[in-house]
Amino acid sequence: MLTIQPWTSITAFGDSAVLLPCAALMLLWLWALPDSRGLAWRWAALFVAVAGLVAGSKLVFMAWGWGIRRLDFIGLSGHSAMAALVWPSLFVLACGSAPRFWRGMATASGLLVALLVAVSRLVLHVHSTAEVVAGFVVGATAALLFLLRHGERWQLGRQGWLLAIAVALVLPFVYGHRFPSERLLRFVAQGLSLDNTVYTRRYFREHGD
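Residues numbered from 1 in each chain as written. Predicted model: local features only at pLDDT ≥ 70, side-chain atom pairs only at ≥ 80, totals over all residues. Heavy atoms only, no water.

Undergrad: Could you give an account of the overall build of the chain, with specific residues and numbers?
TA: Helices and strands together make up the secondary structure of the chain, namely 9 helices and 0 strands. For the chain, the α and β elements follow one another from N to C terminus as α-α-α-α-α-α-α-α-α. What you see for the chain is a C-alpha radius of gyration of 18 Å, in line with the 17 Å of a compact globule of 209 residues. Looking at the 209 residues of the chain, the share that counts as buried comes to 44%. Contacts spanning at least 24 positions in sequence make up 78% of the contacts within the chain whose residues lie at least 6 apart. Put simply, the chain shows about 11600 Å² of open surface, and 67% of that area lies on carbon and sulfur atoms. Each charge class in the chain can be summarised by its mean position, and for the 17 positive and 9 negative side chains these summaries are 8 Å apart. (Helix = DSSP H or I, 4+ residues; strand = E, 2+ residues; numbered from the N terminus. Rg over C-alpha atoms; globule rule 2.2 N^0.38 Å. Buried < 20%, exposed > 50% of the residue type's maximum accessible area, 1.4 Å probe, protein only. Contact = heavy atoms within 4.5 Å. Areas by Shrake-Rupley, 256 points an atom, 1.4 Å probe, with all protein chains shown as cover. Lys, Arg positive; Asp, Glu negative; His and termini not counted. Charge placed at Lys NZ, Arg CZ, Asp CG, Glu CD.)

Undergrad: Explain helix α5 (residues 100–123) to me, and be specific about the residues and the numbers.
TA: Under the 1.5 Å per step criterion, the end-to-end length of α5 is 35 Å for 24 residues, consistent within 8% with the ideal 34 Å. Residue H125 follows α5 closely and has a positive phi angle near 60°. (Expected span 1.5 Å × (residues − 1).)

Undergrad: Account for the packing of aromatic side chains, naming residues and giving values.
TA: A complete count under the given rule lists 11 aromatic pairs for this structure. Seen from their ring centres, W64 and W66 are 5.5 Å apart, and the 35° between their planes marks the pair as tilted. Taken together, a centroid distance of 4.8 Å and an interplanar angle of 90° make the contact between F146 and W154 edge-to-face. Among the aromatic side chains, those forming a connected cluster through ring pairs are F13, W87, F91 and Y175. Of note, R37 hangs over the ring of W31, and the distance from its end group to the ring centre comes to 4.5 Å. (Phe/Tyr/Trp six-rings, centres within 6.5 Å; stacked < 30°, edge-to-face > 60°. Lys NZ or Arg CZ within 6 Å of the ring centre and 35° of its normal.)

Undergrad: Could you give an account of the pattern of salt bridges, with specific residues and numbers?
TA: A complete count under the given rule lists 3 salt bridges for this structure. A salt bridge links E182 to K58; the nearest nitrogen and oxygen atoms lie 3.2 Å apart. With E182 in helix α8 (residues 181–192) and K58 in helix α3 (residues 37–64), this residue pair connects regions lying 124 residues apart in the sequence. By relative accessible area, K58 is classed as buried at 11%. Between D72 and R201 there is a salt bridge, with its nearest N and O atoms 3.3 Å apart. You can see D72 sitting in the loop between α3 and α4 (78–94) and its partner R201 sitting in helix α9 (residues 201–206), a full 129 residues away along the chain. Exposure class is identical for D72 and R201. Each is buried. (Salt bridge = Lys/Arg side-chain N within 4 Å of Asp/Glu carboxyl O.)

Here you go:
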């Protein structure tokens with residue numbers, strides 16, 4: 001069993017501080033090539049949709065206290081969902097025009113990274129099992145459906161290695177930082193709440209039926 005410190009290092013790969021720059025680089029590379037410009041918008045829309053679903057599931061609880069008590073569910077795990085969306089997509093895109101076998105291996109490798117991130121959320125006691133599983137399933141399903149639909153066009157040809165280098169250069173500057181997503185969600189939830197109450201997991205557990 002790994003100690004907490006390695007799991008903290010792993011969970012950082014699911015933080016928006018890392019995933020947002022990676023997604024932005026993917027968008028930039030797709031937009032730069034005329035043949036893939038349409039996919040750039042589709043990728044951006046998918047990213048926003050999954051992120052919105054994660055944020056919405058959390059705001060519903062934080063603003064109004066709606067959750068699934070018996071599953072200890074108060075919102076999708078954002079780290080699990082976004083990691084499962086970004087890493088498989090990024091690995092496949094960086095493969096360029098590699099044969100289908102290697103693109104499949106890239107997809108599996110990306111999902112493995114996301115799975116480790118999801119497990120880290122459980123080991124670190126940040127989320128319940130239901131939240132992590134639901135988040136991972138949402139992100140992985142979105143990524144796989146997107147890759148299946150656009151797989152033949154979801155490639156950068158010889159530009160793939162440039163994307164991989166760009167990500168490698170950016171990672172040292174963003175890895176280990178924490179995006180203030182919870183703080184932002186609390187601010188929004190307070191505005192949506194009828195009495196300015198922001199519900200927490202502790203309140204959820206202590207005020208059971």
